[in-house]
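Chain by chain, the residues:
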Amino acid sequence: QKEVEQNSGPLSVPEGAIASLNCTYSDRGSQSFFWYRQYSGKSPELIMSIYSNGDKEDGRFTAQLNKASQYVSLLIRDSQPSDSATYLCAVRGAEYGNKLVFGAGTILRVKS
Amino acid sequence: EAGVTQFPSHSVIEKGQTVTLRCDPISGHDNLYWYRRVMGKEIKFLLHFVKESKQDESGMPNNRFLAERTGGTYSTLKVQPAELEDSGVYFCASSQRWREGRGSTDTQYFGPGTRLTVL
């Protein structure tokens, strides 16, 4: 079983729709959860971080965390073609060395 | 403020050759990480420096990989001799503070990566 699992996609949504990206993780001791966006050939860019159960909103982005279910998601409202990218879920474990464990990423395509 | 930079952006070498990758973290960042993504797989942790010291090198695949961070500034990752399975994109990331007993919870900022191809 992979430590962090994501559906590789591609996930295709029409412009203006809500894109829902999901991630599950295996380490119950995980403390911190991150969503990075990566355009082709570019560096991963942090778009959301979440540390406690519930929802966290930032503009068009909402991260949702459920530690009991070991599940974290990212919602993108009013999706734009510029949101088309690979979205990487990353988890930081209980040990304070704080390396990130990544999922393989979900490719999102927003069609205009 | 300049971001994390990496050099070269691409490297193509023959099996058995040596390659050295360089990372310049954001100025003042204590923590420097190396990660690698091989084709079709997830980004995987290689090692973590706190200033000039190796904090965690549990992800280094074998002794053909040598990382250094002289003076706690830039870092190099040398692969010698390179094998076919070393091909991939090598990312460097940095984060700001390291607190003894607490580690670092700061955001990790990634560089653009070095694409290494071993033929």
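Here the structure is shown first, and the text comes after it.
Now for a quick tour of the structure. Once a new chain begins, its residue numbering starts again from 1 and follows that chain's sequence as written. Chains carry letters from A onward and ligands carry numbers from 1 onward, assigned in written order. The predicted nature of this model means local features are confined to residues of pLDDT at least 70 and side-chain atom pairs, given and counted, to a pLDDT of 80 or more, with totals for whole chains, interfaces and linings taken over all residues. Hydrogens and waters are ignored; side-chain quantities use all the structure's heavy atoms.

Attention shifts here to the state of the cysteines. Disulfide: a covalent bond connecting the sulfur atoms of a pair of cysteines. The definition used for a disulfide is geometric: two cysteine sulfur atoms within 2.5 Å. For the structure on display, the rule yields 2 disulfides over all chains. With its sulfur 2.1 Å from that of its partner, A:Cys23 forms a disulfide with A:Cys89. Here the disulfide of A:Cys23 and A:Cys89 is left-handed, its torsion about the S-S bond being about -70°. Of this pair, A:Cys23 sits in strand E3 (residues 19–25) while A:Cys89 sits in strand E9 (residues 85–92), and the two are 66 residues apart along the sequence. Accessibility assignment for this pair places A:Cys23 and A:Cys89 in one class, buried. Across the disulfide from B:Cys23 sits B:Cys92; the S-S distance is 1.8 Å. Disulfide B:Cys23 to B:Cys92: torsion about the S-S bond roughly -65°, handedness left-handed. Remark: B:Cys92 occurs in strand E9 (residues 88–95) and B:Cys23 occurs in strand E3 (residues 19–24); sequence separation between them is 69 residues. You can call B:Cys23 buried: its relative accessible area is 0%. With relative accessibility at 0%, the residue B:Cys92 sits in the buried group. For the purposes of this entry, the term helix denotes a DSSP run of H or I that reaches at least four residues, the term strand denotes a run of E that reaches at least two, and both are numbered from the N terminus. Exposure is judged per residue with a 1.4 Å probe applied to protein chains only, and the accessible area is read against the type maximum: over 50% gives exposed, under 20% gives buried, and values in between give partly exposed.

This part takes up the interface of chain B and chain A. Contacts are assigned to residue pairs with any non-hydrogen atoms lying within 4.5 Å of each other. Counting residues at the interface gives 22 residues for chain B and 19 residues for chain A. For the pair chain B and chain A, the two sides together bury roughly 1,700 Å², of which 52% comes from carbon and sulfur. Contact with chain A buries surface across chain B, with B:Glu42, B:Ile43 and B:Phe110 losing the most and accounting together for 29% of the total. We define a polar contact as two N or O atoms separated by no more than 3.5 Å, with the added condition that, inside protein, one atom must be a possible hydrogen donor and the other a possible acceptor, whereas residues neighbouring each other in sequence contribute only through side-chain atom pairs. The interface formed by chain B and chain A contains 3 residue pairs in polar contact (both at pLDDT 80 or more). Contributing elements (two or more residues each) for the side of chain B that touches chain A: strand E4 (31–37) and strand E5 (44–50) of chain B. Asp, Glu, Lys and Arg are counted as charged, while Ala, Val, Leu, Ile, Met, Phe, Trp, Tyr, Cys and Pro are counted as nonpolar; the rest, among them Gly, fall into the polar class. Among the residues making up the side of chain B that touches chain A, the classes are represented as 8 nonpolar, 9 polar and 5 charged. In short, buried area is how much 1.4 Å probe accessible area vanishes from two parts on joining, totalled over both.

So yeah, pure geometry; function would need other evidence.
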